[in-house]
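Structural characterization, general
Residues per chain are reported as follows:
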Amino acid sequence: MKVIFSSTKSDKRDAVVVTSLSSAKLRNAAVTLDSKTGGALTRAVKATGFKGNAGQNISIAGPANEDAKHVVVAGLGKSAELDDKKLQTS
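Note that the structure is predicted; figures quoted are calculated from it, not measured.

Criteria and thresholds
Residues numbered from 1 in each chain as written. Predicted model: local features only at pLDDT ≥ 70, side-chain atom pairs only at ≥ 80, totals over all residues. Heavy atoms only, no water. Buried < 20%, exposed > 50% of the residue type's maximum accessible area, 1.4 Å probe, protein only. Helix = DSSP H or I, 4+ residues; strand = E, 2+ residues; numbered from the N terminus. Arc of directions from axis to C-beta. Contact = heavy atoms within 4.5 Å. Salt bridge = Lys/Arg side-chain N within 4 Å of Asp/Glu carboxyl O. Pairing = 2+ DSSP bridges.

1. Remarks on helix α1 (residues 28-36)
Inspection of α1 places A30, L33 and D34 among the buried residues, and these make up the whole buried set. Taken end-on, α1 shows its buried residues confined to a sector of 105 degrees, consistent with a single buried face. The outward face of α1, more than 90 degrees from its buried face, is lined by the exposed residues N28, T32 and S35. Close packing links the buried residues of α1 with β1 (15-21), β2 (25-26), α2 (40-48) and β4 (70-75). Positive phi shows up at G38, right after α1, with a value of about 70 degrees.

Here it is as structure tokens:
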């Protein structure tokens, strides 16, 4: 699998990954993307019972107004417990 980190927009993206803290609190990029997609991330969080726990993920296929095939919301857990090692394994 090839992973590319980029701040530029491309029409070749398979997935966009954004993050959430515990209690399903969407982080900056996720909030922006949620707004862009008409609340698709918020609806998916509610529908799946996503809590934002470390290692927990949800995938949203083809949300409106987004050129990626999927949006993945990755849970990071509690902000007070985050460190470099936990971020690498989440």
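2. Brief notes about the pattern of salt bridges
Inspection of every chain in the model, using the stated rule, returns two salt bridges. As a salt-bridge pair, K69 and D14 come within 3.3 Å of each other at their nearest N and O atoms. A residue pair is termed long-range when its members are at least 10 positions apart, and K69 in the loop between β3 (57-61) and β4 and D14 in the segment before β1 qualify at 55 residues. Judged by its relative accessible area of 52%, K69 is exposed. For D14, a relative accessible area of 47% corresponds to the partly exposed category.

3. Let's talk about the pairing of β3
Every second residue of β3 is oriented toward a common face, the buried set being I58 and I60 and the non-buried set N57, S59 and A61. Two strands pair when backbone bridges link them, and β3 and β4 are joined in this way by five bridges, in the antiparallel orientation. Bridge pairing links S59 to V72 in β4.

4. Topic: the environment of K25
Of note, K25 is situated in strand β2. Given a relative accessible area of 54%, K25 falls into the exposed group. For K25 and K78, which are 53 residues apart along the polypeptide, the C-alpha to C-alpha distance reads 10.0 Å.

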